[in-house]
Amino acid sequence: MQQVPVSLWTLVAGIVVTATSIWIGQNHTLMPVQASLQAPLVDGFFNVMFTIAIALFLVVEGTIVLFLIQFRRRRGDDSDGVRVEGNVPLEIFWTAIPTVIVLGLGIYSVDVFNRMGGFEPAGHPHSAAHVAHLPGSALAATLSDTEATTAPAIAPTIGIGASPQTLNKPADLVVDVKGIQYAWLFNYPDSGITSGELHIPVGADVQLNLSAQDVIHSFWVPNFRLKQDALPGIPTELRFVATKPGTYPVVCAELCGGYHGSMRTQVIVHTPEEYDSWRTENQIAQQQNLNQVVAVSESPSWRFPAMGNSRTQRVNPADLSTSEFLAPHTHDMGISAATLESLVMSH
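Treat the numbers as computed from the prediction; the structure is a model and nothing was measured.

What exactly am I supposed to notice about the pairing of strand β9 (residues 236–241) here?
A regular strand places its side chains on the two faces of the sheet in alternate fashion. For β9, the buried fraction is high: 6 of the 6 residues fall into the buried class. By the alternation rule, side chains of β9 split into T236, L238 and F240 and E237, R239 and V241, which are all buried. Pairing between strand β6 (residues 205–212) and β9: 6 bridges, direction antiparallel. The residue bridging Q207 from the neighbouring strand is R239, located in β9.

What am I meant to see in the pattern of salt bridges here?
As a working rule, side chains carrying opposite charge can pair if their charged atoms are close by. This model, assessed by the stated rule, comprises 6 salt bridges. Here R83 makes a salt bridge to E85, at a shortest N to O gap of 3.9 Å. In this structure, R83 and E85 share a single accessibility class: exposed. The salt bridge partner of R279 is D190, with a shortest N-O separation of 3.4 Å. Of this pair, R279 sits in helix α7 (residues 272–297) while D190 is found in the loop between β3 (183–188) and β4 (193–195), placing the two residues 89 residues apart along the sequence. Judged by its relative accessible area of 25%, R279 is partly exposed.

Teacher, can you tell me more about the sheet that holds strand β2 (residues 173–180) here?
Sheet strands pair by backbone hydrogen bonding; their relative direction is either parallel or antiparallel. In spatial order, the strands read β1-β9-β6-β2-β3-β4; together these 6 strands make up an open sheet with mixed pairing. The open sheet has two free edges, formed respectively by β1 (158–160) and β4, since each of these has just one partner strand. Taken pair by pair, the neighbouring strands of this sheet meet at an average axis angle of 20°, ignoring direction. Bridge analysis of β2 against β6 gives 7 bridges, and the strand direction is parallel. Among the inter-strand pairings, D176 is bridged to a residue of β6, identified as N209.

Even after reading the chapter, I still don't get the packing of aromatic side chains, so can you show me in this structure?
A ring pair, where both rings are aromatic, is described by two values, the distance of the centres and the angle of the planes. In the structure shown here, the tally under the stated rule is 10 aromatic pairs. Residue placement shows K227 over the ring face of W220; its charged tip is 5.7 Å from the ring centre.

Can you help me understand the side chain of H217 in this one?
Relative to the helices and strands, H217 resides in strand β7 (residues 217–221). Owing to a relative accessible area of 0%, H217 belongs among the buried residues under this scheme. A polar contact of 2.8 Å, which involves the side chain of H217, links it to the side chain of D214. Other than its neighbours up to four places away in sequence, H217 contacts G179, I180, Q181, W184, A212, Q228, D229, A230, C252, E254, C256 and M263.

Cut-offs used in this document
- Residues numbered from 1 in each chain as written.
- Predicted model: local features only at pLDDT ≥ 70, side-chain atom pairs only at ≥ 80, totals over all residues.
- Heavy atoms only, no water.
- Buried < 20%, exposed > 50% of the residue type's maximum accessible area, 1.4 Å probe, protein only.
- Helix = DSSP H or I, 4+ residues; strand = E, 2+ residues; numbered from the N terminus.
- Pairing = 2+ DSSP bridges.
- Salt bridge = Lys/Arg side-chain N within 4 Å of Asp/Glu carboxyl O.
- Axes fitted to C-alpha atoms, helices over the stretch in contact; angles between N-to-C directions.
- Phe/Tyr/Trp six-rings, centres within 6.5 Å; stacked < 30°, edge-to-face > 60°.
- Lys NZ or Arg CZ within 6 Å of the ring centre and 35° of its normal.
- Polar contact = N/O pair within 3.5 Å; in protein donor to acceptor, adjacent residues only side chain to side chain.
- Contact = heavy atoms within 4.5 Å.

Written out as structure tokens, the structure is:
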């Protein structure tokens, strides 16, 4: 029986490895559901890397298993193995292949980064705001200093900005996002709404202006395949388009303290009609809560129940709404009760 040439075995193995790695690399379920316009770009790059990784794994591990079987020590064979001093063509091959792979992935990643808007923000990140952000100032400042408008004093210079298709076009919705230990605050400058959750309409070009009150945080939405650091004193930007209505987790991906693991909230992608309804309801609700908080917080007997007098009446905490009960705490923190209530509800 004629022996099958090694070159033919190599060809067959190459075909099997290629087909297997491509199938696994393109049909895995490792990533969560895509929910943004940028997600397919990231997944495409991930699938290419995963395909290459599967192929390399099969080649390396397959070779090890083959050699363990083919060149195992036979019973009664005490001779030395064949001495191999080197193989220049093989060494060139296994040096050239990784070089080509790394260069190819590098060029591909730059293209993906550009199409996502990574090259749109430009400038020097160490702004005057960063220089002025002295140690300890985050603890001394209250949220009331920035609650009315948490927009950076200067335009963000780093982050994910407009894609080449939306370059030089204003975003449909701008939201100022502030990270604090251990929560996210979302302020809508166009409507005055402040929330502990991010609400956006599907299909809208959304721009998040990120900042941090105390330490570095990282705003990560796995379903959007987007993550951007929020830095104290340095404004950053994250711009995206949500493509699928639903509720998706928002996670802080930067170790920011002892309760870092609990710094979670959610982004709720509405239909345009649902978003308009949410916006209208919250504008009315926050105005009502603000009026109630002002009335309650000005009552001496509410702040100090033991100091009731003839002009005030004692208040039973069990009879108060969430906003009214939180009023003294919000006074100390410098934020509105509606904002604190939204943070509590989001956790």
